[in-house]
Amino acid sequence: MFRRLNEALPELLLGILLYGIVIQVAGVWFAEDKLRYSSGLWIGILTAMGMAYHIARMIAETIDCVDAHKARIQITAKGILRYAAVVIVFTVTMYFDLGNLITLFLGVMGLKISAYLQPSLHKVLIRVTGKGSGSTDEANTMEREVKM
């Protein structure tokens, strides 16, 4: 389902998840309140994953849109909606004391980290699985044929 929406989305979600695991393992030992550290982090990771999915859906819908002006309005409105949702997540977490806000922020930043590391993760996955996806795999095949 995710791959039909966007070729990079599964790898982006995997990167966010791996980032969350690294931050969890690295930081939980130093936290005074381990439960709030972990809950804040994983609320942030889930928020980042939701944002990634929303962005992928928004891109797919915008590409299908014929009217450029309407597409611009949709991008702006949905971007504002996404950031409002993040503010709501922070507010609810703070109000009900569900987790640490700093680790929540670190979790949300997993989207950025994963986006930057996605090309590297893609190359690693190609080596591990022996297969790629989409145009990147075709480009790799064409490069091998040209070198031969």
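Asks: Explain the overall build of the chain here, please?
Replies: In terms of regular secondary structure, the chain is built from 7 helices and 0 strands. Helices and strands appear in the chain in the N-to-C order α-α-α-α-α-α-α. Among the 148 residues that make up the chain, the fraction classed as buried is 30%. Here the analysis covers contacts within the chain between residues at least 6 apart in sequence; of these, 68% occur between residues at least 24 apart. Surface accessibility of the chain: about 9900 Å² in total, with carbon and sulfur atoms responsible for 69%.

Asks: Even after reading the chapter, I still don't get a nonpolar patch on the surface, so can you show me in this structure?
Replies: A cluster of nonpolar residues, Leu-14, Leu-17, Leu-18, Ile-21, Val-25, Trp-29 and Phe-30, forms a patch on the protein surface that exposes about 740 Å² of accessible area. With respect to the helices and strands, Ile-21 occurs in helix α2 (residues 9-27). With relative accessibility at 42%, the residue Ile-21 sits in the partly exposed group.

Asks: Looking at this model, I keep getting lost on the pattern of salt bridges. Mind explaining?
Replies: Pairs may arise between side chains of opposite charge once their charged atoms sit close together. Following the criterion strictly, the structure yields 3 salt bridges and no others. When the shortest N-O distance is used, the salt bridge between Asp-97 and Arg-36 registers 2.8 Å. Placement of the pair is Asp-97 in the loop between α4 (68-95) and α5 (101-108) and Arg-36 in helix α3 (residues 34-64), with a sequence separation of 61 residues. Residue classification places Asp-97 among the partly exposed positions, given a relative accessible area of 46%. You can call Arg-36 partly exposed: its relative accessible area is 29%. Between Arg-57 and Glu-61 there is a salt bridge whose closest N-O contact spans 3.2 Å. Of the two residues, Arg-57 and Glu-61 are both situated in helix α3; the distance of 4 residues between them amounts to about one turn of the helix. Among the residues examined, Arg-57 registers a relative accessible area of 39% and is labelled partly exposed.

Asks: It is not clear to me how the packing of aromatic side chains should be interpreted in this structure. Could you clarify?
Replies: Each aromatic ring pair is described using two quantities: the centre-to-centre distance and the angle formed by the ring planes. Going through the model one piece at a time under the given rule, you end up with 1 aromatic pair. Look at Tyr-95 and Phe-96: their rings are 4.9 Å apart centre to centre, the planes differ by 90°, and that puts the pair in the edge-to-face class.

Asks: Before we go on, may I ask you to explain the nonpolar core in this structure?
Replies: Generally speaking, soluble globular proteins have nonpolar side chains that are buried together. Judged by nonpolar contacts, the single largest core of 18 residues is most densely connected at Ile-16, Ala-52 and Leu-111. Contributions of two or more residues to this core are made by α2 and α3. Among the elements that take part in this core, α3 stands out by supplying 7 residues, more than any other. Ignoring anything within four residues of it in the chain, the contact list for Ala-52 reads Leu-9, Leu-12, Leu-13, Ile-16 and Leu-111.

Asks: Just to check I follow, could you spell out the environment of Asn-100 for this structure?
Replies: Relative to the helices and strands, Asn-100 is located in the loop between α4 and α5. The partly exposed category is assigned to Asn-100, whose relative accessible area is 25%. Sequence separation of Asn-100 and Phe-90 is 10 residues, and the distance between their C-alpha atoms is 9.8 Å.

Procedures and definitions
- Counting from 1, residues in each chain are numbered in the order their sequence is written.
- Since the coordinates come from a predicted model, pLDDT governs what is reported: local features require at least 70, and pairs of side-chain atoms require 80 or more to be given and counted, while whole-chain, interface and lining totals use all residues.
- Hydrogens are left out, water is left out, and the side-chain values use all remaining heavy atoms of the structure.
- Strands are runs of DSSP state E lasting at least two residues, helices are runs of H or I lasting at least four, and both sets are numbered from the N terminus onward.
- Buried means the residue's accessible area, taken with a 1.4 Å probe over protein chains only, is under 20% of the maximum for its type, while exposed means over 50%, and partly exposed covers the values in between.
- Whether two residues touch is decided by their heavy atoms; if any such pair falls within 4.5 Å, the residues are in contact.
- Using a 1.4 Å probe, accessible areas were evaluated by the Shrake-Rupley method; residue-level cover was limited to the displayed protein chains.
- Without a salt bridge and with relative accessible area above 30%, a residue can belong to a patch; like charges are then joined within 9 Å and nonpolar side chains (Val, Leu, Ile, Met, Phe, Trp, Tyr) within 5 Å.
- Whenever Lys or Arg places a side-chain nitrogen within 4 Å of a carboxyl oxygen from Asp or Glu, that contact is recorded as a salt bridge.
- In summary, the pairing rule links any two rings of Phe, Tyr or Trp, Trp by its six-membered ring, whose centres are within 6.5 Å, and it sorts them by plane angle into stacked for under 30 degrees, edge-to-face for over 60 and tilted for everything else.
- For our purposes a nonpolar core is just a set of buried Ala, Val, Leu, Ile, Met, Phe, Trp, Tyr and Cys residues, chained together by side-chain atoms within 4.5 Å.

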